[in-house]
Amino acid sequence: MGKKKKRTSKVWCYYCDREFDDEKILVQHQKAKHFKCHVCHKKLSTAGGMSIHVLQVHKETVTKVPNAKPDRESTDIEIFGMQGIPPEILAAHYGEDEETSAKVAKVEVPSNLPVSGVLPGPLGVGFPAAPTYGAVPPVYNPALPMQRPSWPAPPRAQSWYPPQPPIPIPSAPTVLPPQPLFPIQNVTPLTSTTAPGLQSSFQVGPPGLPSSTPPSVSQPLFPITSTSSIPARSSPFLASTLPATIASSSPTVYKGAADMNSISNTPATSGYPAQSNQGGAPYTVSHMYASGPNTGGPSIGPPPVISNKGPATQPATNEVYLVWDDEAMSMEERRMSLPKYQVHDETSQMNSIDAAIDRRISESRLAGRMAF
Amino acid sequence: MSAAVLPTSSGGGRELSNPPSDGISNLRFSNHSDHLLVSSWDKTVRLYDASANVLKGEFMHGGPVLDCCFHDDFSGFSASADNTVRRFVFGTGKEDILGRHEAPVRCVEYSYAAGQVITGSWDKTLKCWDPRGASGPDRTLVGTYPQPERVYSLSLVGHRLVVATAGRHVNVYDLRNMSQPEQRRESSLKYQTRCVRCYPNGTGFALSSVEGRVAMEFFDLSEAGQSKKYAFKCHRKSEAGKDTVYPVNAIAFHPIYGTFATGGCDGYVNVWDGNNKKRLYQYSKYPTSIAALSFSRDGRLLAVASSYTFEEGDTPHEPDAIFVRNVNEVEVKPKPKALPAPPP
């Protein structure tokens, strides 16, 4: 999951228009929902492959892709993940958040610009953030100063960044998820070199995600935090994450069975919030930007949401914390060792009394008071 | 939490009145009625009528009671940390000590097939007792079977007994010939075993560990039999880049559908379809860790012991409680394999 995501929305399924955090999950979805043989449940790799399998093995003709929307049912068109989608459909999908895409385009270009001026408008997303650190301050004053110091804090706090600084943060949607990643990386850099660091980073990152620093900023935006799918630290953005899986706590994963995911959570179909954002400001992004242009509301990215997935995709790089890690003892044994559970049965009491008596006797003998 | 007289109807089920005053180690429904036997760290074994929500009897022990089981609807057995195995009769309130181990007795089961009580202890032995004999440990003990390690969990189905010990050992016995285990196995999970339960159809057992995982195993050691085995992760939480993995403390099989529920330290109860490898349902989170689960004999009720299991030491926790919930078919019935939109 370290691939760059398309700016704007995340990847989506041609057949049913659902959105996913990254292509790997999208492919798993397609295999489980659209490329699965209805007779033997074998998962094929494409719709065409599935229909050939059904024909050859089960002697049945498949003309429609299962679970697909009415005008996307053809088995002739070769789709795999995001590949093979006809350009007009691709455009139509992204056309829904045109503004964002437009912004995105701009983001890439200006990234080299140090900020201010240029950013606010189109970019909203990435740039405004950057500027805040460095250049912008004058503009967003109120917000900025506050934020800097707060950054280090939120990251430490782990997930719940108080929504405060809306700081648009660079790459909106994708960026946020990485929260957890960033705090670790960024804390230092943030504190020390805010401005300079930021600016340079901006220049680097194409989609505007300047690698670590900015992301941390984003954290506050998405209180929801990403759960699972936190991609490896190395890849700053894209993290797919954010799946609102927080809701369901125990994601379960069956070997090889994708269905478990569907059970936990969320109907993901909420799709992209980006659309709603178009209006510009719907988020909680409060306008720390304050004065600033409304840039970005939308660009910042879909606020919470998220849809699907998550649990299954946890990358192996997640830190694992075992609630019970004592190999030597079971929970009951440990509990038994607590003083309040010590068993004082008669025998043990008698034994201690006997021992006391014996001691007295031997002491007396030594003292010569008793005959042996 | 109030042990209110009125049943609190909530997503969690009806809370039982007069619960034990300390943690619950196990609970079991009777095979004959909706009586529920509950063993607790408060040194008691209590008998409830779960439908009527009434406490019907209570038996004191010399130490925390770690397990209990029914004999019939009138009497039961208990395994206590005071090293005793006791038998008690509900109607008369009488009880007596069936026998002793050298260390706390962790598990007790009654086998209808063999007519014997089987206990496992931290003294690394399994003992079989004949409850029909005159009381007194010398008369009732049928046999002592050494185990590689301290016994953590036991389960019976038909003539088979599965014993899970510390060190991840698993011994499978045939009750008709206890001289040695029928199979000596190792848990396929890499972490400490928490609980083992046999499938009602007698073909295998489910084993859970402290690492949020359950293994589905089969007695048939042939390749065909072993190819069906698998394991799955559960009772885990993932947030902020960290996976929190909870012990799976309890497993209970639905007597009719063969699906099973698992309960973990995360406070959730999940219901699974082992054949289709899917989760069927997840109940809403309970106040604290799930220590024990039991389905009633008709599968219509599920008793959930929401009782802190000290996985994080002696810390303040939500009050220990027992919830009895009505089970809906949709939560436990296996679904036929889902078919995608059929082609025309």
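Residues numbered from 1 in each chain as written. Chains lettered and ligands numbered in written order. Predicted model: local features only at pLDDT ≥ 70, side-chain atom pairs only at ≥ 80, totals over all residues. Heavy atoms only, no water.

1. Concerning the overall build of chain B
Across its full length, chain B holds 3 helices and 30 strands. For chain B, the share of sequence-separated contacts (at least 6 apart) that also reach a separation of at least 24 residues comes to 43%. Accessible surface, chain B as shown: approximately 12,800 Å² in total, 49% of it carbon and sulfur. (Helix = DSSP H or I, 4+ residues; strand = E, 2+ residues; numbered from the N terminus. Contact = heavy atoms within 4.5 Å. Areas by Shrake-Rupley, 256 points an atom, 1.4 Å probe, with all protein chains shown as cover.)

2. Remarks on unusual backbone geometry
Residue and element names in this part refer to chain A. Of note, aspartate 17 is a non-glycine position whose phi angle comes to about 70°, a positive value. With a relative accessible area of 25%, aspartate 17 lands in the partly exposed category. Backbone geometry at asparagine 67 places phi at a positive 60°, although glycine is not the residue there. Within the secondary structure, asparagine 67 sits in the loop between helix 2 (47–58) and helix 3 (87–95). For asparagine 67, a relative accessible area of 38% translates into the label partly exposed. (Buried < 20%, exposed > 50% of the residue type's maximum accessible area, 1.4 Å probe, protein only.)

3. A short note on the pairing of strand 20 (residues 213–218) of chain B
The two faces of the sheet receive side chains in turn, since in a regular strand these alternate between them. All names here are of chain B. Counted residue by residue, strand 20 has 5 buried out of 6 residues, so it is predominantly covered. Across 5 bridges, strand 19 (residues 204–209) lies against strand 20 in antiparallel orientation. In the strand pairing of strand 20, serine 208 is matched with valine 214. If you look at the hairpin formed by strand 19 and strand 20, you'll find 3 residues sitting between the two strands, and glycine 212 has a positive phi there, around 55°. In terms of strand pairing, strand 20 meets strand 21 (residues 230–233) through 4 bridges, oriented antiparallel. Across the sheet, methionine 216 pairs through a bridge with tyrosine 230, a residue of strand 21. (Pairing = 2+ DSSP bridges.)

4. What about the layout of surface pockets?
Residues and elements named next belong to chain B. Estimates place the volume of the largest pocket at around 880 Å³. Considering the residues around the largest pocket, the lining is formed by 29 residues, among which Arg28, Phe29, Asn31, Glu109 and Leu156 are closest to the centre. Of all elements in the fold, only strand 2 (24–29), strand 6 (65–72), strand 10 (105–111), strand 14 (151–157), strand 18 (193–198), strand 24 (248–253) and strand 28 (290–295) reach the threshold of two or more residues within the lining of the largest pocket. Looking at the lining of the largest pocket, the element that brings in the most residues is strand 2, giving 4 residues. Tallied by class, residues from the lining of the largest pocket come to 17 nonpolar, 8 polar and 4 charged. (1 Å grid on protein atoms, 1.4 Å probe; cavity = no way out; pocket = protein on both sides within 12 Å on 5 of 7 lines; lining within 4 Å. Points joined across faces, edges and corners; volume = space filled by probe spheres on them. Nonpolar A, V, L, I, M, F, W, Y, C, P; charged D, E, K, R; others polar.)

5. Comments concerning the state of the cysteines
According to the stated counting rule, one finds 0 disulfides over all chains in the structure shown. Cys195(B) carries a free sulfur, and the closest cysteine sulfur to it, the one in Cys107(B), is 9.1 Å from it. (Disulfide = S-S within 2.5 Å.)

6. Overview of the side chain of Ser30(B)
Residues and elements named next belong to chain B. Position of serine 30 relative to the elements: it lies in the loop between strand 2 and strand 3 (35–40). In this structure serine 30 comes out as buried when scored by relative accessible area, which is 1%. For serine 30, the side chain forms a polar contact with the main-chain nitrogen of serine 33, separated by 3.4 Å. In this view, serine 30 contacts His35, Phe70, Asp73 and Arg297; residues no more than four positions away in its chain are not counted. (Polar contact = N/O pair within 3.5 Å; in protein donor to acceptor, adjacent residues only side chain to side chain.)

7. Overview of the pattern of salt bridges
Residues and elements named next belong to chain B. Inspection of every chain in the model, using the stated rule, returns 26 salt bridges over all chains. Residues glutamate 211 and arginine 236 are paired through a salt bridge, measuring 3.1 Å at the closest nitrogen-oxygen approach. Pair noted here: glutamate 211 is in the loop between strand 19 and strand 20 and arginine 236 is in strand 22 (residues 236–239), with a separation of 25 residues, a long-range link. Exposure remark for glutamate 211: the relative accessible area of 10% places this residue in the buried category. (Salt bridge = Lys/Arg side-chain N within 4 Å of Asp/Glu carboxyl O.)

8. A short note on the packing of aromatic side chains
Tallied over the entire structure, the rule returns 21 aromatic pairs over all chains. Between Tyr341(A) and Phe310(B), the ring centres sit 6.4 Å apart and the planes meet at 65°, which makes this aromatic pair edge-to-face. In this pair, Tyr341(A) sits in the loop between helix 15 (331–336) and helix 16 (346–366) while Phe310(B) sits in the loop between strand 29 (301–306) and strand 30 (321–326), so the two residues belong to two different chains. We note that Tyr341(A), like Phe310(B), is buried. Over the face of the ring belonging to Phe218(B) we find Lys228(B), whose NZ or CZ atom lies 4.8 Å from the ring centre. Lying over the aromatic face of Tyr230(B), Lys277(B) brings its terminal NZ or CZ to 4.3 Å of the ring centre. (Phe/Tyr/Trp six-rings, centres within 6.5 Å; stacked < 30°, edge-to-face > 60°. Lys NZ or Arg CZ within 6 Å of the ring centre and 35° of its normal.)

9. Thoughts on the environment of Phe232(B)
Considering the arrangement of structural elements, one finds Phe232(B) in strand 21. Remark: the alpha-carbon pair of Phe232(B) and Gly212(B), spanning 20 residues in sequence, is separated by 8.5 Å.

10. A short note on helix 1 (residues 23–33) of chain A
Helical periodicity: at 3.6 residues per turn, an α-helix aligns residues three or four positions apart in one direction. Taken together, the buried positions of helix 1 of chain A are occupied by Ile25(A), Leu26(A), Val27(A), His29(A), Gln30(A) and Ala32(A). The N-cap residue of helix 1 of chain A is Asp22(A): its side-chain oxygen and the backbone nitrogen of Lys24(A) are 2.8 Å apart.

11. Observations concerning the UniProt feature "repeat: WD" (unreviewed entry) in chain B
All names here are of chain B. Under the local residue numbering, the UniProt record ascribes the feature "repeat: WD" (unreviewed entry) to residues 98–130 and 248–282. In residues 98–130, the share of helix is 0% and the share of strand is 64%. The end C-alpha atoms are 9 Å apart. This span, residues 248–282, is 0% helix and 60% strand, and a straight line between its end C-alpha atoms measures 14 Å. (UniProt positions renumbered as here; feature names shortened; annotations may be inferred.)

12. Re the sheet that holds strand 23 (residues 242–245) of chain B
Spatial strand order, 4(A)-23(B)-22(B): 3 strands in an open sheet with mixed pairing. The sheet is open, and its two edges are formed by strand 4 (319–322) of chain A together with strand 22 of chain B, each paired on a single side. The sheet shows a mean angle of 20° between the axes of neighbouring strands, direction not considered. Pairing geometry for strand 22 of chain B and strand 23 of chain B, over 4 bridges, is antiparallel. Its bridge partner being in strand 23 of chain B, Ser238(B) is matched across the sheet by Asp243(B). (Axes fitted to C-alpha atoms, helices over the stretch in contact; angles between N-to-C directions.)

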